[in-house]
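Residues per chain are reported as follows:
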Amino acid sequence: MISKRLETVASFVSQGAVLLDVGSDHAYLPIELVEKGHIELAIAGEVVVGPYQSAVKNVENHGLSDKIQVRLANGLAAFDESDQVSVITIAGMGGRLIASILEEGFDKLAHVERLILQPNNREDDLRNWLQDHGFQIIAESILEEAGKFYEILVVEAGQMKLSARDTRFGPFLSKEVSPVFVQKWQKEAEKLQFALGQIPEKNQEERRVLTDKIKAIKEVLHASK
């Protein structure tokens, strides 16, 4: 049984895809997809020895060693062109780290059809990187699990032009404005409001930055009403 977060990531993996799951941990995601018959082949990539060994054991215990290869490698070094990877998932890392992984393996992305990315933070930085490197976001999802909010970006090759609002709140999420989206940004506004109260009046520049952020949140939430 995988988490709701990974279940949502899995829902965007194309039927019959050859999957690379970067930072696969226990290989939960590829195991789930193969066992359900959604995909037949996957690579689980891990850069840390402990999680790599856990993934190897987990795959063996499920009798899937012929369908899931676990590889000890850094980022996109876990595959090469002969693997014919069509979908890459990167979940549970910071947005800047995901962007750097994609940057380092950029030349390998030419034949990959889809990226499914779940940053834990810095979603805006990741969206900016995607825009600057010839990718477009084709879908987004947001969910809450165990008190944390997660955004998922589904990405394919193409051009997009994001506004400042799109970059921060998500081009799809900010239009849908789901109850979870509202909950996330209301909490964020409360945090910023508290932080603003701690800044002395003389620090006008710091106060202005926070005030602008709070204003942007209120505008995007108000637009949904």
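Residues numbered from 1 in each chain as written. Predicted model: local features only at pLDDT ≥ 70, side-chain atom pairs only at ≥ 80, totals over all residues. Heavy atoms only, no water.

(A) Seen up close, the pattern of salt bridges. Enumeration over the complete set of coordinates arrives at twelve salt bridges. Put simply, Glu205 and Arg208 hold a salt bridge, and the shortest N to O gap is 2.7 Å. In this pair, Glu205 and Arg208 both sit in helix α9 (residues 204-222), three residues apart, roughly one turn of the helix. Taking relative accessible area as the criterion, Arg208 reaches 42% and is therefore assigned partly exposed. When the shortest N-O distance is used, the salt bridge between Asp212 and Arg208 registers 2.8 Å. One end of the pair, Asp212, and the other, Arg208, are both in helix α9, four residues apart, so they sit about a helical turn from each other. Classification of Asp212 as partly exposed rests on a relative accessible area of 39%. Salt bridges sharing common partners tie together Glu123, Arg127, Glu140, Glu151 and Lys184. (Salt bridge = Lys/Arg side-chain N within 4 Å of Asp/Glu carboxyl O. Helix = DSSP H or I, 4+ residues; strand = E, 2+ residues; numbered from the N terminus. Buried < 20%, exposed > 50% of the residue type's maximum accessible area, 1.4 Å probe, protein only.)

(B) View of the packing of helix α4 (residues 95-104) against helix α5 (residues 123-132). Relative to each other, α4 and α5 sit at 25°, their axes nearing to 7 Å. Relative to α5, α4 is oriented roughly parallel. Between α4 and α5 the crossing geometry is right-handed. Residue-level contacts link Gly95, Arg96, Ile98, Ala99, Leu102 and Glu103 of α4 to Asp125, Leu126, Trp129 and Leu130 of α5. (Axes fitted to C-alpha atoms, helices over the stretch in contact; angles between N-to-C directions. Parallel < 35°, antiparallel > 145°, perpendicular 65-115°, else oblique. Left-handed = near helix turned anticlockwise from the far one by under 90°. Contact = heavy atoms within 4.5 Å.)

(C) Here's a closer look at the side chain of Glu151. Along the chain, Glu151 falls in strand β7 (residues 148-157). Here Glu151 falls in the buried class, since its relative accessible area comes to 0%. For Glu151, the side chain forms a polar contact with the side chain of Lys184, separated by 2.6 Å. (Polar contact = N/O pair within 3.5 Å; in protein donor to acceptor, adjacent residues only side chain to side chain.)

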